[in-house]
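Structural features, examined
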Amino acid sequence: MAAGPFGALREQLTDAAATFAGSADALAGILAGIVDDVDRALGERLEIFPVCHHSPASALAMVRRLRHKQPKVIYLELCEDLQPLLGELRNCRLPVAVQAFASELDGFPAEWGPLSVVAPVTEASAEYQAIAYALETPGVELVLVDRSTDHVFQWSPRGDAGAATDPPADTAPEAAGGEAGEQTALHGDAVGVEIGDLRPRFAELEAYLLHHGKVRHWSEWWDQYVERPLADADHDTYRQVMVLIGSLFRRLRPAGSDRTDRDEDRERYMWTRMREHLAASGADPADCLYVCGAFHAASRVEQFGLDSPAPDFAITPRTGTRWRYGLIPSSHSAIEAQFGLAPGSVSIAAANWTQAVGRSGLTTYRLDGQRGGKGGRGRRKAVPPAAGPAGPVADRLTGFLAAPPPLDGLDEAELRGWCVDIVRLARRNGYLASTADAIAVFETSILLAGLRNRARPTPYDFADAAVTCIEKDVVPGRRDVRRLCEILLGGDRIGQVGYDALPPLARDVLDRLRPLGLDLEKRTIQRALLDLHATPALAGCSDLLWMLRHLLPGDAVRPIMGERRLGHRSIQESWDLALGRHQRALIELGYEGVTIEQVLEQRLRRSVRGPDATAAGALAAVEDAIRLLDSPRLVDELGARAVELLAAERTVDDAPEVLRRIRRLLAHHRATAPTLPAWCEAFVTTGYAHYCTLLPTAFVEEETGVRQVGAMLGFLFSMESLALSLGCDRSQLELAVAQSHPESPAKVALLWAARHQLGLLPLAELRQRCADLLGNPLVVPAFPRYLSGFVHALEPVPGLAPFVVETMSTAFARLPDPVLLPWLPTLITTLREHGPELVPLLVREAARTFPGTLPELDAWVPPWLGPTPGPAPAARATAPTGQVHGLLAAHPMAVDAVAGLLGCDGGWSTPVDAPAGSAATTLLLAHPDTVEAVSVLLGG
């Protein structure tokens, strides 16, 4: 038991377990096992370097070790298929994220798509230092050994793709709030692959550590108890402590976790890949360095170590999914949101990294040409000779665990500067802060640090003190005090992908928009003015902007002036462009195609071929194809698919949208082409038969609303002439109406309107039915629903507008106030809910019917109450007279043309009573109902 360098520590922990637990079984086994894990990891021939993600202490230790050891091969825990992208980091400003993206899935559930994996990289991370050293030092090979992105989802539970990483949420409630909310979405809904994930997976343990550490969240605990003690530790102490922490968290993880099985498979995968590389390259393990998370450094799988006799792990082949790779911008807040860290923790880590580098005098590694930040490159510094074989492992844990934490004296100048700056920043953001608040923040910071057993206030103590002293009752502006502290201590640094690292599509977009004269890589919102009449060359930019408007988020490309609709293009446009803020979305478009036109065409095709595709959606895709691409071939393809979808639909939920879009498309084709496309004709005939078939069922189904039934009738009546000319049978519509027997008042009114349109219900009978409804006290409360049906009937039968005005006026005139006043709110809410777009038509008809001035109202008689003289019998034998005849006599050429079309021959004669002669008289006598209707409209 006492063998090895850690024998004394093992015995000490075993005795302590027996003393405090009363037994040397469970607790002693855990403590001794932790020491065994440290001994095993440090005794491996291949040097293991444990890290924690975005840890300044890990990054400092990595710089020191790289300068001393100068390894020839670095094995890095990162998805192996991401390796070709690492060289592009030199063209970016950190932080950025390496991304793998797949939209066309093969071997994964379709509902998972699109799949996205991101691995964020910051300068204050051990991984970046290792990458920069390997890429900038000649003769050094960097090998990524973790599972591929395809295996990330292969090993995910089929119930949830997001369970691949499943980082725990932090306890900080501000994680998604405030101004940083826009930047937390930089990674989208991607699955995060975290290098060096080090956090207890045992909720009770984390709660215990936070409670006894007197901190609010895990990030603060890690900064106080790990980061600061290890910032200046030597290499051996750093390694032993990190493996100890990783082993502790590993052994206290709940048994039977799916995550444990995946982590162990990852470790088998990585050791298998390293063995394969060493066998193929012949590299000396003494010249290699294995960089992995501290959790994986304490691995206990059978493949652990180069000398393990266990067979290699069987790696399954990848699926047929086609992955696309690139770099996307990241930010501190996006990393915090992705991995459940406390808000501001990554910014504080970056500030600590800068201070530690300046304090230690180290020259960090940096990629040649890296944008932003400061720091030298390792190859410019004189490098000490490479280290020889590692000596025997010495126990550094005993001294580190037994020694008290080093006292870090109070830096009054630093804390005073923070207090003055936060008060100044608070005043700029609307807080009534003063010098007294600065003094209070200073004293409270020291007090909180003392209560938490630390002599020097940390940024977390300072932020808590600022919130306590400055933020009183409400937040006067957009930023609260905690957000102001984050800005003060470093802010949310946002990365950017350089032009050379962008995919071809993104570069093509920037090149095609260059005539605008704007720097579109900036993160500010820029205004673009396009005068297409004065500068026709900008038409290409306009077309591209409208396509980007369709593909990108709404605030990335936003039109201020101008529109693009069917048959209309503006000659002047104004745009607000924020492509720099939405660089991730633009980059992900590059994963789908080479040009914007190709991506748009593919998306339109996918929208009509998906399982949720509808006829209305297909018609919308047709409109987009006409407006944005002007591709007749694609329009015909999408239109044919719309016909198929309409014929396959068994519901009429989208009938209003279908009617609105097909009317617009028919009007466009009639105005721009000599004949209608074949798909339009097929859509009309299919829709006529389809809606006739579904009409009786829709009338009686409670799930089908009056709006949908009205839209069906609108399609049937408005498309009737075209459908009949294309071979449809009108008797099908008559049979459908005859078979309809609705019970709902609104649908009953719709049926009456349909029968009136078909000539089966005269207007006089319809008026009598409404009068009977108003005369029945039991029906009066439901009369607003009848009116709602009549309002919806204006869609298929717009000629009923005068009758609807008459019916509503009659109701207001006949109903007494005790009935009318409770009835009005129901009428208003019913019309607002079911027919808001049809009410303006009703209002216009009322404005035409009622007098326009108050004096005229006194002598006004409603048309439906006034006398309606009928034509004398003798008038039909000769020639009726009236204003309409004077109108016809004033325009004889029009009368002759209509008479010729109807086959009426004869000339003009001028009798005393009738100005129209043979042809006109024959025409008028052949259509007496039309003459009467026109005469009534003209007041004759």
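Structural data are supplied above this passage.
Procedures and definitions
Residues numbered from 1 in each chain as written. Predicted model: local features only at pLDDT ≥ 70, side-chain atom pairs only at ≥ 80, totals over all residues. Heavy atoms only, no water. Helix = DSSP H or I, 4+ residues; strand = E, 2+ residues; numbered from the N terminus. Buried < 20%, exposed > 50% of the residue type's maximum accessible area, 1.4 Å probe, protein only. Contact = heavy atoms within 4.5 Å. Areas by Shrake-Rupley, 256 points an atom, 1.4 Å probe, with all protein chains shown as cover. Pairing = 2+ DSSP bridges. Axes fitted to C-alpha atoms, helices over the stretch in contact; angles between N-to-C directions. Salt bridge = Lys/Arg side-chain N within 4 Å of Asp/Glu carboxyl O. Parallel < 35°, antiparallel > 145°, perpendicular 65-115°, else oblique. Nonpolar A, V, L, I, M, F, W, Y, C, P; charged D, E, K, R; others polar. Expected span 1.5 Å × (residues − 1). Core = buried A, V, L, I, M, F, W, Y, C linked by side-chain atoms within 4.5 Å. Left-handed = near helix turned anticlockwise from the far one by under 90°. Polar contact = N/O pair within 3.5 Å; in protein donor to acceptor, adjacent residues only side chain to side chain.

Here we come to the overall build of the protein chain. Secondary structure summary: the protein chain contains 40 helices and 15 strands in total. Within the protein chain, buried positions represent 51% of all 940 residues. Nonlocal contacts in the protein chain, meaning residues at least 24 apart in sequence, comprise 75% of its contacts between residues at least 6 apart. Just so you have it, the protein chain exposes about 42200 Å², and 56% of that area is on carbon and sulfur atoms.

Neighbouring strands of a sheet are bound in pairs by backbone hydrogen bonds; such pairs are parallel or else antiparallel. Here four strands make up an open sheet; going across it, the order is β1-β8-β2-β6 and the pairing parallel. This sheet does not close on itself; its edge strands, each paired only once, are β1 (47–51) and β6 (141–146). Averaged over all adjacent pairs, the angle separating strand axes in this sheet is 30°, with direction ignored. Note: strand β2 (residues 73–79) against β6, five bridges, orientation parallel. Within β6, the residue paired with Leu76 across the bridge is Leu144. Helix α3 (residues 56–69) rests against β1, β2 and β8 (288–293) of the sheet, and its axis sits at about 155° to β1. Sheet contacts for helix α4 (residues 126–136): β1, β2 and β6; angle to β2, the most-contacted strand, approximately 130°.

So, on to the pattern of salt bridges. For the coordinates displayed, the defined rule picks out 43 salt bridges. Salt-bridge contacts for Asp576 lead to Arg527; the nearest nitrogen and oxygen are separated by 2.4 Å. Separated by 49 residues along the polypeptide, Asp576 in strand β15 (residues 572–577) and Arg527 in strand β11 (residues 526–531) bring together distant segments of the chain. Look at Asp576 and you get buried, because its relative accessible area is 9%.

So, about the sheet that holds β15. What the three strands build is an open sheet, ordered β11-β15-β12; its pairing is antiparallel. Of all strands in the sheet, those with a lone pairing partner are β11 and β12 (557–561), marking the two edges. Sheet twist, expressed as the mean angle between neighbouring strand axes with direction ignored, is 25°. The pairing of β12 with β15 spans four bridges and is classified as antiparallel. Bridging from a neighbouring strand, Pro559 pairs with Trp575 of β15.

With that settled, consider the packing of helix α22 (residues 615–629) against helix α23 (residues 632–648). At a minimum axis distance of 8 Å, the contact between α22 and α23 shows a crossing angle of 170°. Judged on the interaxial angle alone, α23 and α22 are roughly antiparallel. Here α22 contributes Ala615, Ala618, Leu619, Ala621, Val622, Ala625, Ile626 and Leu629 to the contact with α23, which in turn contributes Leu634, Val635, Leu638, Gly639, Ala642, Leu645 and Leu646. Here the contact of α22 with α23 is built from residues that sort into 14 nonpolar, one polar and no charged.

Between its first and last C-alpha, helix α29 (residues 745–757) extends 19 Å over 13 residues, near the 18 Å set by a 1.5 Å rise per residue. Along α29, ten of the 13 residues are buried, which leaves the element largely enclosed by surrounding structure. Against α25 (678–700), α26 (706–718), α28 (730–738), α30 (763–775) and α31 (783–793) lie the buried residues of α29. Positive phi shows up at Gly759, right after α29, with a value of about 85°.

Among the nonpolar cores identified, the biggest contains 201 residues, and Leu513 and Phe683 are the most heavily contacted of them. The element that contributes the greatest number of residues to this core is α25, accounting for eleven residues. Those residues within four positions of Leu513 in sequence are excluded, and the remaining contacts are Leu520, Cys541, Leu544, Leu545, Leu548 and Leu579. Membership of the second largest hydrophobic core comes to 26 residues, among which are Cys419, Val423, Phe462 and Val481.

Moving on, we get to the packing of α25 against α28. Axis separation between α25 and α28 bottoms out at 8 Å; the angle between their running directions is 15°. Taken together, the axes of α25 and α28 are roughly parallel relative to one another. Our pair here, α25 against α28, has a crossing hand that is left-handed. Residue-level contacts link Tyr688, Ala689, Cys692, Thr693, Leu695 and Pro696 of α25 to Arg730, Gln732, Leu733, Ala736 and Val737 of α28. Grouping the amino acids of the contact of α25 with α28 by side-chain chemistry returns eight nonpolar, two polar and one charged.

With that settled, the discussion passes to unusual backbone geometry. The amide bond that connects Leu94 to the next residue, Pro95, takes the cis arrangement and shows omega of 5°. Position of Pro95 among the secondary structure elements: in the loop between β3 (92–93) and β4 (96–102). Positive phi, normally seen in glycine, also occurs at Gln70, with a value near 50°. Secondary-structure assignment places Gln70 in the loop between α3 and β2.

By relative accessible area, Arg527 is classed as partly exposed at 44%. Linking Arg527 and Ala578, residues 51 residues apart in sequence, is a C-alpha distance of 9.1 Å. Here Asp576 takes part through its side chain, which lies 2.4 Å from a polar atom of the side chain of Arg527.

Take α3 next. One turn of the α-helix equals 3.6 residues, which is why residues spaced by three or four share an orientation. The end-to-end C-alpha distance of α3 is 20 Å, a good match for the 20 Å that 14 residues give at a rise of 1.5 Å each. Within α3, twelve of the 14 residues are buried, which leaves the element mostly enclosed by the surrounding structure. Along α3, the residues classified as buried are Pro56, Ala57, Ser58, Ala59, Leu60, Ala61, Met62, Val63, Arg65, Leu66, Arg67 and Lys69.

Moving on, we get to the pairing of β2. Counting buried positions over the seven residues of β2 gives seven, a clear majority of the element. Pairing geometry for β2 and β8, over four bridges, is parallel. When the sheet's bridge partners are listed, Leu76 is paired in β8 with Val291.

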